[in-house]
Amino acid sequence: MSGSLNITSATADPALLDLPWQLPLDAWPNENIAALPKGISRHLVRFAHLSGRVVAIKETTSEMAKREYDMLRTLQTLEIPCVEPVAVITNRSDEDGDPLNSVLVTRHLKFSLPYRALYSQTLRPDTATRLVDALAVLLVRVHMVGLFWGDVSLSNTLFRRDAGAFAAYLVDAETGQLYSGGLSNGQRENDLEIARVNIAGELMDLEAGGRVADELDPIRVSNGIVAAYRLLWKELTGSESFASSERWRIRERVERLNNLGFDIDELAIKTDNTGTTVRIQPKVVDAGHHQRRLLRLTGLDAEENQARRLLNDLDSYRAAYAQPDSDEEMMAHEWLVRVFEPVVRAIPRELKGKLEPAEVFHQLLDHRWFMAQNQSREIPLAEAVTSYVQDVLRHRRDEATVIEPPTGSITLPISLPTDADAEPDWRLKV
């Protein structure tokens, strides 16, 4: 390694020193490179192996790398879905002493993909709409913490499957600017227009290459982010007035926000001088209502829609098995041990990289329901797992990017309940 290398990193990883920083990024040997799908970027970006995981390395200027590193760290503290910054490498030089570009290193988000990798042949309208809806939720969340993104697009976002929908994560933050006093309506509308134009351009580019279905209209889909954003923003921040006799509408508003996946930390309630009209407005809203409840009850960390689906299954289990003295935490632990973990452990080791466990469980529930509909009978859980693994999961491409170490632990298989077991599957009772 030529010259003195400067590494700024929140988590010291000695393996950073083993990467060939003396070479331009486009000249790195294949032994260091991880072949993963990537989105379009104005900078050179490559994936590399680091300590058994995969990182994304972006060549840029020293100033931009440091700025984006700091921005991503700040967004993480604000609980904004984004990639994790690993390090900034500056003062690079080649073997002849000539300077090389600085780089930003971020950890690749496990089970995430760029939007161009989320379809096999052509992008269908419903898939495009779900991607845009996920981006609208992300844009609302960044605006609520006062971030002007400045370059909102599908290309600057990673997506993870989320129980039939998608969850969006911010990838490129180099144009972002945080405002402590929040964003003005003009700033939000500017970001929204940038998103609309960028999405239309990205979809038109796919259309020109024959990569979208004939019925997909790029303009209509791109306009969808405007409608989705404004609807969600109004629901989260808008005020509502009603007669004082309709106080049940306060609870209804809270439940609507919870169903959207948001929690209210404070609710402003005012009455007029006559006491006949009540006005309510959420003051602070946090995302991840179902995620937090699932994590609190089971320790499982899932996307919002996945958490909602798992909680529904957990609540059904409680309805079937809860005793008068059973509390919620005890029943959640029992569901985790008797239902969720046996299903996950039944997935063959070579297929565990296909999907994350919460998504596997969600898809298994869907698969079992479709089997029951097609065969007009109740499907035992063990039969559903076998069918799902062989007919669905085995034919999916891998979406994980974690490289298991050769000395990793081995989990012994656990048998699922069958019809011959003494205790029948609880779902057949509910």
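Residues numbered from 1 in each chain as written. Predicted model: local features only at pLDDT ≥ 70, side-chain atom pairs only at ≥ 80, totals over all residues. Heavy atoms only, no water.

S.K.: Even after reading the chapter, I still don't get the overall build of the protein, so can you show me in this structure?
M.R.: Within the protein one finds 10 helices and 13 strands. Sequence separation of at least 24 residues holds for 65% of the intrachain contacts in the protein that already meet a minimum separation of 6. Summed over its atoms, the accessible surface of the protein is roughly 21300 Å², and 50% of this surface lies on carbon and sulfur atoms. (Helix = DSSP H or I, 4+ residues; strand = E, 2+ residues; numbered from the N terminus. Contact = heavy atoms within 4.5 Å. Areas by Shrake-Rupley, 256 points an atom, 1.4 Å probe, with all protein chains shown as cover.)

S.K.: Teacher, can you tell me more about unusual backbone geometry here?
M.R.: A negative phi holds for most residues other than glycine; trans holds for most peptide bonds. The backbone phi angle of serine 51 is positive, close to 55 degrees, even though this residue is not glycine. Positionally, serine 51 belongs in the loop between strand E2 (45–50) and strand E3 (53–60). In this model, glutamate 79 sits at a positive phi of 60 degrees, which is unusual for a non-glycine residue. Along the chain, glutamate 79 turns up in the loop between helix H1 (62–77) and strand E4 (84–90). The exposed category is assigned to glutamate 79, whose relative accessible area is 55%. (Buried < 20%, exposed > 50% of the residue type's maximum accessible area, 1.4 Å probe, protein only.)

S.K.: Quick question: what am I supposed to make of the sheet that holds E2 here?
M.R.: In a beta sheet, neighbouring strands pair by backbone hydrogen bonds and run either parallel or antiparallel. As summarised here, the arrangement of the 5 strands in space is E1-E4-E5-E3-E2, forming an open sheet in which the pairing is antiparallel. Edge strands, defined here as strands with exactly one partner in the open sheet, are strand E1 (6–9) and E2. Ignoring strand direction, the axes of neighbouring strands in this sheet form an average angle of 25 degrees. Sheet topology note: the E4/strand E5 (residues 102–107) ladder contains 5 bridges and is antiparallel. By the bridge assignment, valine 88 is partnered in E5 with leucine 104. Running over the sheet, H1 touches E1, E3, E4 and E5 and is turned about 160 degrees from E4. (Pairing = 2+ DSSP bridges. Axes fitted to C-alpha atoms, helices over the stretch in contact; angles between N-to-C directions.)

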